[in-house]
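# Remarks on the overall topology
These are the residues of each chain, in order.
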Amino acid sequence: SQPNLYNIEQQLSMMILSLTDQIEELNKRKERYGETNMLVVDQTAAIGLYHYHVSGHGRDALHHFQEALRILEDLISCHMRTFHAADGDCKRSSCCQYYYVQKGVLLTDIGNVHARNETYEDALVSYENAIRVFRSLGMNEDHPRVISTNRCLDRLQITVHNPVR
């Protein structure tokens, strides 16, 4: 089974839980697996998605997406030191590719929050960083993740140049 499918199914199931249940699940995962674990990243991001899509609390969404990104970057760093110290190239292994795809997704989510909060420069930086991550994995312009993030950039350009007030 592919980790991506598991992640999508897990995030969808977590969206229907109450915020209290999601926070409780996050605490259980931290206790069981430690802070630097992909299950903690996924749950933290799921809480960010809840705030972004359900409660509309942009500041809380941003906090959780940034926290998930911080944990993920720690996880990548730890993985690099442990498994790829000799070759220095983590992105060729399937687990690392998954980590980097998730990093790009989180950067896009962060950009979306910034765009909604009208902090357009921060949104631009996040989207551009996401594109850079996706391209570093060999994704072309026709890859769905790149297309999606480019659409976010296009919407941002339209918003900045044609503000609706």
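The text that follows walks through the structure, step by step, so that each part is easy to find. (Residues numbered from 1 in each chain as written. Predicted model: local features only at pLDDT ≥ 70, side-chain atom pairs only at ≥ 80, totals over all residues. Heavy atoms only, no water.)

For the rest of this paragraph, the subject is unusual backbone geometry. One non-glycine residue with positive phi stands out, namely Glu118, at about 65°. Mapped onto the elements, Glu118 comes out in the loop between α5 (94–116) and α6 (120–136). Judged by its relative accessible area of 41%, Glu118 is partly exposed. (Helix = DSSP H or I, 4+ residues; strand = E, 2+ residues; numbered from the N terminus. Buried < 20%, exposed > 50% of the residue type's maximum accessible area, 1.4 Å probe, protein only.)

All right, on to the pattern of salt bridges then. Within the structure shown, the criterion is met by six salt bridges. The residue Glu25 makes a salt bridge to Arg29 at a minimum N-O spacing of 2.9 Å. Here the residue Glu25 and the residue Arg29 both occupy positions in helix α2 (residues 19–33), the gap between them amounting to four residues, near one helical turn. One salt-bridge network, in which partners are shared between bridges, spans Glu67, Arg70 and Asp74. (Salt bridge = Lys/Arg side-chain N within 4 Å of Asp/Glu carboxyl O.)

This brings us to the packing of α5 against helix α7 (residues 144–161). The interhelical angle for the contact between α5 and α7, taken along N-to-C directions, is 15°, at an axis separation of 11 Å. Between α5 and α7, the crossing angle belongs to the class labelled roughly parallel. For α5 against α7, the interelement crossing comes out left-handed. When α5 is examined against α7, the residues Val101, Val105, Thr108, Asn112 and Ala115 are found in contact with a partner set consisting of Arg145, Thr149, Cys152 and Leu156. For the contact of α5 with α7, the class distribution of residues is five nonpolar, three polar and one charged. (Axes fitted to C-alpha atoms, helices over the stretch in contact; angles between N-to-C directions. Parallel < 35°, antiparallel > 145°, perpendicular 65-115°, else oblique. Left-handed = near helix turned anticlockwise from the far one by under 90°. Contact = heavy atoms within 4.5 Å. Nonpolar A, V, L, I, M, F, W, Y, C, P; charged D, E, K, R; others polar.)

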